[in-house]
Amino acid sequence: MKPQSPEWLGLICQGQSFEEVGNWLEAAAEYGFKTVQPVFFWDGYSAGDFERLAAKLKELGLSAPVFGVYSDLYKWDQPVGAIFESTIEDLKVAAANAATIGAENLVTWCGTVGGFAEAHPDNRSPEALATFKRHQERILPVLQEAGVALLFEPWRDHILGDEILTAKACQVDPGHFKAVLDFPNFISPDQWPDKGNRIEAIATTLAPHIGVVHLKDMLVNEKGEVELPMFGRGELTRELARAIKPFAGQKTIIAEHLGSPDDIPELIESVSRHF
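Presented here is an overview of the structure given in this document.

The rules behind the values
Residues numbered from 1 in each chain as written. Predicted model: local features only at pLDDT ≥ 70, side-chain atom pairs only at ≥ 80, totals over all residues. Heavy atoms only, no water. Disulfide = S-S within 2.5 Å. Buried < 20%, exposed > 50% of the residue type's maximum accessible area, 1.4 Å probe, protein only. Helix = DSSP H or I, 4+ residues; strand = E, 2+ residues; numbered from the N terminus. Right-handed = clockwise from strand over helix to strand, strands pointing away. Pairing = 2+ DSSP bridges. 1 Å grid on protein atoms, 1.4 Å probe; cavity = no way out; pocket = protein on both sides within 12 Å on 5 of 7 lines; lining within 4 Å. Points joined across faces, edges and corners; volume = space filled by probe spheres on them. Nonpolar A, V, L, I, M, F, W, Y, C, P; charged D, E, K, R; others polar. Core = buried A, V, L, I, M, F, W, Y, C linked by side-chain atoms within 4.5 Å. Contact = heavy atoms within 4.5 Å. Polar contact = N/O pair within 3.5 Å; in protein donor to acceptor, adjacent residues only side chain to side chain.

Bringing the state of the cysteines into the picture now. In this structure the tally under the stated criterion is zero disulfides. No disulfide involves C170; its sulfur sits 11 Å from the nearest other cysteine sulfur, which is in C110.

Here it is as structure tokens:
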């Protein structure tokens, strides 16, 4: 018998095609997951995409309280880059069809003037922050009508590059703007020696705004570069487990950064050992 996930843990199920997403959903069900975060990496979403996803979730006995759009609220009608092709038009379609899959939360990136995950000097400019807030106000009626919250996925080099800016953005409308609690995404290489205090500060500042928690790991390699492996493969495993454990059963916790479904047994073993 395959190892089974603890009830409180969910799994990200993402892909550049519905078939790829479906493969992850099937793997999640095989390993006992009950909760998933589906992610479409393409653009041009349709209501049919969500009807098909809803049917697959029902077939496998899975729930999807959160759906990942990963558009860019700053760029609006342009994708953030890398593998992420969705725009705010896709986010609008996702909001309109969220009820079809039972999702109450959508995830988007936290805005960048430059390329995905790249540092850009204008990301800290008053103009960028003002544009981001203006775009929040533009999307708010869509969220209100759909009855969903928009969760900001953090990244240290994007516009909402720290927990303080992210919390401030959530305060525009706390019922409809929330945060993904993802500690490694906020910790830079130069902050690595102070990682314990950084984890505490991030958790304290974002506590009122957490919509979902992401579980992965972190290390800084010999070149001084951040790596973000699956939970249990990094050097922040114990600290992350200690910080995330109080949310188990209280918030949706989604494991991510697996290379393939073959990694799931190792993930479950690491979670069992540290939680």
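This paragraph deals with the pairing of strand β5 (residues 149–153). Burial within β5 is extensive, with five of its five residues counted as buried. Of the two faces of β5, both are covered, the one formed by A149, L151 and E153 as well as the one formed by L150 and F152. With helix α4 (residues 126–146) bridging strand β4 (residues 105–109) and its parallel neighbour β5, the resulting β-α-β unit is right-handed. For the handedness criterion, the β-α-β arrangement of β5, helix α5 (residues 163–170) and strand β6 (residues 177–181) is classed as right-handed.

Our next topic: the pairing of β4. Every other side chain in a regular strand lies on the same face of the sheet, so the side chains alternate between the two faces. Counting buried positions along β4 gives five out of five residues, so the element sits mostly inside the fold. Because side chains alternate across β4, one face comprises the buried residues N105, V107 and W109, and the other comprises L106 and T108, equally buried. Where strand β3 (residues 66–72) and β4 come together, four bridges link them in parallel fashion. Bridge pairing links G68 to V107 in β4. As judged from the five bridges shared by β4 and β5, these two strands associate in the parallel manner. Looking at the pairing, T108 lines up with F152 of β5.

Attention shifts here to the layout of surface pockets. In this structure, the largest pocket encloses a volume near 310 Å³. Taken together, 16 residues line the largest pocket, and the ones lying closest to its centre are F84, W109, F116, E256 and H257. Classifying every residue of the lining of the largest pocket by side-chain character gives ten nonpolar, three polar and three charged. Mapped onto the lining of the second largest pocket, the elements with two or more residues apiece are α4 and α5. It is α4 that contributes the most residues to the lining of the second largest pocket, five residues altogether.

This brings us to the nonpolar core. Judged by nonpolar contacts, the single largest core of 97 residues is most densely connected at L11, F67, F152 and L267. Not counting residues within four places of it along the chain, the set of residues in contact with L11 comprises W24, A28, F33, T35, V36, Q37, I254, A255, L258, I264 and L267.

By the secondary structure assignment, E256 is in the loop between β10 (253–255) and α9 (264–274). A polar contact of 2.7 Å, which involves the side chain of E256, links it to the side chain of K216. Setting aside anything within four residues of it in sequence, one finds E256 in contact with I12, E153, D182, H214, L215, K216 and M230.

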